[in-house]
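Architecture at a glance
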Amino acid sequence: MIMAGKIKNCQYCGKLYAEIGRGMCPDCLAKEDKKIEEVVTFVRANPGAKVPEIVKETGAHETLIKRLIREGRFEQMGVKMTYPCEKCGAPIITGKLCQNCSDAIKQELQATQEKAMKAKSIMKEKAAAKPRGQGMHSKF
Ligand SMILES: [Zn+2]
Ligand SMILES: [Zn+2]
């Protein structure tokens, strides 16, 4: 097997290392693996634990725990783990928002886009109303 690793700076400790697809140096990877083990052990002992509790008890970063939830690590061991939606606090297992909130945001976004489109077309109409010497004329 050829080690085709790129030399990169570790995003956690800044050390140079050969990237193997995990996004961090072997030292940090080992640390993270240990942290994951701690988290898994803690959750196994406290199946009802919430993310903030796990952060407090294990010192693991919230993003790591969320990643483990998304990866289904806790489900694998029969623990239904969720983290709160960033908007309403509903339990979710993926993304940042629950279905309701992401739907609401999508609708809001759509409404804003429609408004922007309308504003644009009004501007276009105004621009088109201005007399122009030359230009492309579209024929229907
Ligand atoms: Zn590192
Ligand atoms: Zn929500």
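Residues numbered from 1 in each chain as written. Chains lettered and ligands numbered in written order. Predicted model: local features only at pLDDT ≥ 70, side-chain atom pairs only at ≥ 80, totals over all residues. Heavy atoms only, no water.

1. Quick word on helix α2 (residues 51-58)
Residues of α2 that are buried include every one of Val51, Ile54 and Thr58, and no others. Along the axis of α2, the buried residues cluster in a sector spanning 60 degrees; they form a single face. Exposed and oriented more than 90 degrees from the buried face of α2 are Pro52, Lys56 and Glu57. Those residues of α2 hidden inside the fold are in contact with α1 (26-45), α3 (62-70) and β3 (83-84). (Buried < 20%, exposed > 50% of the residue type's maximum accessible area, 1.4 Å probe, protein only. Helix = DSSP H or I, 4+ residues; strand = E, 2+ residues; numbered from the N terminus. Arc of directions from axis to C-beta. Contact = heavy atoms within 4.5 Å.)

2. Considerations on the coordination of the zinc ion (ligand 1)
The zinc ion (ligand 1) binds to the protein through Cys10 (SG), Cys13 (SG), Cys25 (SG) and Cys28 (SG), with metal-donor distances spanning 2.3 Å. Metal-centred angles of 106 to 114 degrees between the 4 donor atoms at the zinc ion (ligand 1) mark the site as tetrahedral. Sequence spacing of the donor residues for the zinc ion (ligand 1), all on one chain, is C-x2-C-x11-C-x2-C. Grouping residues by exposure puts cysteine 25 and cysteine 28 together as buried. (Donors = N, O, S within 2.8 Å, 3.2 Å for Na, K, Ca; no water. Tetrahedral: all angles 85-135°; square planar, octahedral: opposite > 155°, others 65-115°.)

3. Re the pattern of salt bridges
Counted under the stated rule, the structure contains 9 salt bridges. Note that aspartate 27 and lysine 15 form a salt bridge whose closest N and O atoms lie 2.2 Å from each other. With a gap of 12 residues between them, aspartate 27 in helix α1 and lysine 15 in the loop between β1 (7-9) and β2 (16-18) connect regions that are remote in the sequence. Its relative accessible area of 41% is what places aspartate 27 among the partly exposed residues. Glutamate 38 is the salt-bridge partner of lysine 35, the closest N and O atoms lying 3.6 Å from each other. (Salt bridge = Lys/Arg side-chain N within 4 Å of Asp/Glu carboxyl O.)

4. Section: the nonpolar core
Ranked by size, the top nonpolar core spans 21 residues in total, and within it Val39, Val43, Ile54, Ile65, Ile69, Phe74 and Met81 carry the most contacts. Of all the secondary structure elements, the ones that give two or more residues to this core are α1, α2 and α3. Those residues in contact with valine 43, other than ones at most four positions away along the chain, are Ile54, Phe74, Met77, Val79 and Met81. Among the nonpolar cores identified, the runner-up in size contains 6 residues, and Cys10, Met24, Cys25 and Leu29 belong to it. (Core = buried A, V, L, I, M, F, W, Y, C linked by side-chain atoms within 4.5 Å.)

5. Here's the deal with the packing of α1 against α3
Where α1 contacts α3, the axes come no closer than 11 Å and their chain directions differ by 70 degrees. With respect to α3, the element α1 is oriented roughly perpendicular. Considering how the two elements wind past one another, α1 and α3 form a crossing that is right-handed. Residue-level inspection shows Glu32, Lys35, Ile36 and Val39 of α1 in contact with α3, the latter providing Leu64, Ile65, Arg67 and Leu68. Residues that form the contact of α1 with α3 fall into these classes: 5 nonpolar, no polar and 3 charged. (Axes fitted to C-alpha atoms, helices over the stretch in contact; angles between N-to-C directions. Parallel < 35°, antiparallel > 145°, perpendicular 65-115°, else oblique. Left-handed = near helix turned anticlockwise from the far one by under 90°. Nonpolar A, V, L, I, M, F, W, Y, C, P; charged D, E, K, R; others polar.)

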